[in-house]
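# Architecture at a glance
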Amino acid sequence: MMFVKRITIGFLISVINIFIVTFSFAGTEIFPAEYIVLPAGTRLISAFYFHREFSDYYVGGKRAYDGQLRGQALVFAYTQYGEILGHPNSWSITLPYIKAEQTAGALPPGFGESAVGLSDLRFTYNFWPIYSPDKGYSLAVSTNVTPPTGRYDHDQALNAGDNRWILSMQLGWVQKLSESLYWDFTPEWKRFSTNTDYVANYRLRQSDVYAITTYLRWQPIPGWEFSSGVQLNWGGAQRVDAFDLDNPTNQQRYFLAARKMLTPLTFFSLRYSQDSRVDNDLKINSDLVFRLGWFF
């Protein structure tokens, strides 16, 4: 029995990170101009399409598997801006629908070949304690709660939902550098509840995750914006029952983005990203995000 348990834990070490990272992008990404202030009463509907290609799963910074995975998502979000106690605020709800499938190579047994379904809802509240349009800077405090509402199958590691609560908080600093140049800087903290129904009836715990996302945004002509950015992630080591996996992500990504105002109330944006480093995950080879937004 102990030998069988060790084999199972070895399998979990191989697949556990993939389960966490594959789909978190669909509801938790930070985009350029994420924390700009809009007038009270403004409402925004956004539709996203994500197309992400993964390959080569790494363990301890070394490639362990040559498997390839394709993740796609349709995400719809509603945001409403307001004011409270003389300060700007906003709230939003985000709903992702996800499809993922292994396309080539080898991944650990039991990983699963595909997953399709609704992912976890995400509720967000932003409050700007600092907002100085005359001086060109602002600070948002953002709280995000993700309940386990998505589709989940404990018989495989690949899933649309996380089957656990997730709480994350960000501080979104926006600084105007010139008439056409802006800087976004966002540190983040994320905490997870225990997944009590993980693969093989194990309990999954995960330590806190920390991240920093920053963008430099350039508006050379009216209606256009171009951005470049980077994201650093660390922490998130996991524990299955009594076994510490010692597998922090330690991921680095870079971004390139463009946004075009199609009308005064409609915009289209495109963002590309890729991993430049990953220690314990599938590597993101390419990630394209298309977004269409309507203000009303």
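Everything numeric in this text was worked out from a predicted model, so none of it was measured.

## Here we look at the sheet that holds strand β9 (residues 204–206)
By way of backbone hydrogen bonds, the strands of a sheet pair with one another, either parallel or antiparallel. Pairing in this open sheet of three strands is antiparallel, and the strands run β9-β12-β13 from one edge to the other. Single-partner strands in this sheet number two, and they are β9 and β13 (243–244).

## Topic: the side chain of Ser 46
Tracing the backbone shows Ser 46 in strand β1 (residues 43–59). Classification of Ser 46 as buried rests on a relative accessible area of 2%. A distance of 3.0 Å separates polar atoms of two side chains, one belonging to Ser 46 and the other to Arg 291. Leave out the neighbours within four places in its chain, and Ser 46 touches Val 75, Phe 76, Ala 77, Arg 291, Leu 292 and Gly 293.

## Let's talk about the confidence of the model for the protein chain
Per-residue pLDDT for the protein chain averages 88, and the proportion of residues at 70 or more is 90%. By mean pLDDT, helix α1 (residues 2–28) is the weakest element of the protein chain at 41, and strand β6 (residues 137–146) is the strongest at 98. Contacts of residues 1–27 to residues separated by more than four positions or lying in other chains number 74 contacts, the stretch itself having pLDDT below 50.

## Things to note about the pairing of strand β10 (residues 209–218)
Inspection of the sheet shows strand β8 (residues 181–192) paired to β10 by 10 bridges, in the antiparallel sense. In the strand pairing of β10, Leu 181 is matched with Trp 218. The pairing of β10 with strand β11 (residues 224–235) spans 10 bridges and is antiparallel. Bridged to Trp 218 within β11 is Phe 226. Linking two consecutive strands that pair antiparallel, namely β10 and β11, is a turn of five residues; a positive phi of about 90° is found at Gly 223 within it.

## Some words on the nonpolar core
Of all hydrophobic cores here, the largest spans 17 residues; its most connected members are Leu 69, Phe 111, Leu 158 and Leu 282. Listing elements by their share of this core, those giving two or more residues are β1 and β16 (282–295). Counting residues in each nonpolar core, the second largest holds 11 residues, with Tyr 35, Leu 38, Tyr 81 and Phe 267 among its members.

Basis of the calculations
Residues numbered from 1 in each chain as written. Predicted model: local features only at pLDDT ≥ 70, side-chain atom pairs only at ≥ 80, totals over all residues. Heavy atoms only, no water. Pairing = 2+ DSSP bridges. Helix = DSSP H or I, 4+ residues; strand = E, 2+ residues; numbered from the N terminus. Buried < 20%, exposed > 50% of the residue type's maximum accessible area, 1.4 Å probe, protein only. Polar contact = N/O pair within 3.5 Å; in protein donor to acceptor, adjacent residues only side chain to side chain. Contact = heavy atoms within 4.5 Å. pLDDT = per-residue confidence, 0-100. Core = buried A, V, L, I, M, F, W, Y, C linked by side-chain atoms within 4.5 Å.

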